[in-house]
Amino acid sequence: MNELSSRLNRERRFLVLLGVICLALIGGALYMQVVLGEAPCPLCILQRYALLFIAVFAFLAAAMPGRRSLTFFEALVVLSAIGGIVAAGNHVYILANPMVSCGIDTLQPIVDDLPLAKLWPLAFQVDGFCATPYPPILGLSLAQWALVAFVLTALLVPLGIYRNRRRA
């Protein structure tokens, strides 16, 4: 029983770290927006929502006392990561095919009508186009880095559950 408790604590520490990383990524996006003048597109904002959901669900999971509630919130983390994969994957595709539109006319009013866009417009309101190329970071675009982060989250959370819950 003590070993299972130790494994669950390791799982909770990982979730807290994941939540902090997601909040740091949102902070980095805000830095790039405010300081560097890189305007967020609808898909950028949807990726921010996915990161925020991952962080909130990861923190809630880490706070849960039982295995079932922990697993429930971890499933929500994975679903949020899958949503992020869809948004980031579309963004990567658009950057690779600039003639394709991100649907700013279609997506902008929808994204701008979401509650956080009204509460915190600086962080969650659309102001740019998806096809705008910004300088890469370590050879990858922001959308590619986001896609990597979402895929890793969608893979590592279930792997952590499996690793930490199997019998020793």
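Model, not experiment: these values are computed from the prediction.

J.: I'd like to hear about the overall build of the chain, residue by residue, with values.
T.: Along the chain, the regular secondary structure elements total seven helices and zero strands. Each helix and strand of the chain, ordered N terminal to C terminal, gives the series α-α-α-α-α-α-α. Expressed as lengths along the three principal axes of its C-alpha atoms, the size of the chain is roughly 55 × 35 × 30 Å. Within the chain, the proportion of its 168 residues that are buried is 39%. Residue pairs at least 24 apart in sequence account for 81% of intrachain contacts in the chain once pairs closer than 6 positions are excluded. A total accessible area of about 9500 Å² is found for the chain, and carbon and sulfur atoms account for 70% of it. If you average the places of the 12 positive and of the 8 negative side-chain charges in the chain, the two averages end up 21 Å apart.

J.: Break down the packing of helix α2 (residues 42-63) against helix α3 (residues 67-96) for me, citing the residues and quoting the values.
T.: Helix packing geometry: the angle between the two helix axes and the distance between the axes. Relative orientation of the contacting elements α2 and α3 amounts to 165°, with a least axis distance of 8 Å. Taken together, the axes of α2 and α3 are roughly antiparallel relative to one another. Crossing of α2 over α3 shows left-handed handedness. Within the contact of α2 with α3, the residues separate by chemical class into 19 nonpolar, five polar and one charged.

J.: Can you tell me about the UniProt feature "transmembrane region" (unreviewed entry) in the chain, naming the residues and giving the values?
T.: Feature annotation in UniProt assigns "transmembrane region" (unreviewed entry) to the following positions: residues 14-34, 46-64, 76-96 and 142-162. Split by type, residues 76-96 is 100% helix and 0% strand. Its first and last C-alpha atoms lie 30 Å apart. As a span, residues 142-162 carries 100% helix and 0% strand, and end to end its C-alpha atoms are 30 Å apart.

J.: Let's hear about unusual backbone geometry: which residues, and what values?
T.: Backbone geometry follows two general trends: most residues other than glycine have a negative phi, and most peptide bonds adopt the trans configuration. Within the chain, Leu138 stands out as a residue other than glycine whose phi angle is a positive 50°. Position of Leu138 relative to the elements: it lies in the loop between α6 (121-124) and α7 (142-165). A relative accessible area of 79% means that Leu138 is categorised as exposed.

J.: Which residues make up the pattern of salt bridges, and what are the values?
T.: Oppositely charged side chains may form a pair once their charged atoms are brought near each other. Counted according to the given criterion, the structure contains one salt bridge. A salt bridge links Asp113 to Lys118; the nearest nitrogen and oxygen atoms lie 3.3 Å apart. There is no split in this pair, since Asp113 and Lys118 are both exposed.

J.: Which residues make up the layout of surface pockets, and what are the values?
T.: Approximately 640 Å³ is the volume attributed to the largest pocket. In terms of lining, the largest pocket is formed by 31 residues, of which the most central are Ala29, Met32, Leu142, Ala143 and Ala146. Counting only elements with at least two residues in the lining of the largest pocket, the list comes to α1 (2-34), α2, α3 and α7. It is α7 that provides the largest number of residues to the lining of the largest pocket, a total of eight residues. Counted by class, the lining of the largest pocket contains 23 nonpolar, six polar and two charged residues. In this model, the second largest pocket occupies a volume close to 190 Å³. Taken together, 13 residues form the lining of the second largest pocket, with Leu18, Ile21, Ala149, Leu152 and Thr153 sitting closest to its centre. Elements represented by at least two residues in the lining of the second largest pocket include exactly α1, α2 and α7. Considering each element in turn, the lining of the second largest pocket owes the most residues, six residues, to α1.

The rules behind the values
Residues numbered from 1 in each chain as written. Predicted model: local features only at pLDDT ≥ 70, side-chain atom pairs only at ≥ 80, totals over all residues. Heavy atoms only, no water. Helix = DSSP H or I, 4+ residues; strand = E, 2+ residues; numbered from the N terminus. Buried < 20%, exposed > 50% of the residue type's maximum accessible area, 1.4 Å probe, protein only. Contact = heavy atoms within 4.5 Å. Areas by Shrake-Rupley, 256 points an atom, 1.4 Å probe, with all protein chains shown as cover. Lys, Arg positive; Asp, Glu negative; His and termini not counted. Charge placed at Lys NZ, Arg CZ, Asp CG, Glu CD. Axes fitted to C-alpha atoms, helices over the stretch in contact; angles between N-to-C directions. Parallel < 35°, antiparallel > 145°, perpendicular 65-115°, else oblique. Left-handed = near helix turned anticlockwise from the far one by under 90°. Nonpolar A, V, L, I, M, F, W, Y, C, P; charged D, E, K, R; others polar. UniProt positions renumbered as here; feature names shortened; annotations may be inferred. Salt bridge = Lys/Arg side-chain N within 4 Å of Asp/Glu carboxyl O. 1 Å grid on protein atoms, 1.4 Å probe; cavity = no way out; pocket = protein on both sides within 12 Å on 5 of 7 lines; lining within 4 Å. Points joined across faces, edges and corners; volume = space filled by probe spheres on them.

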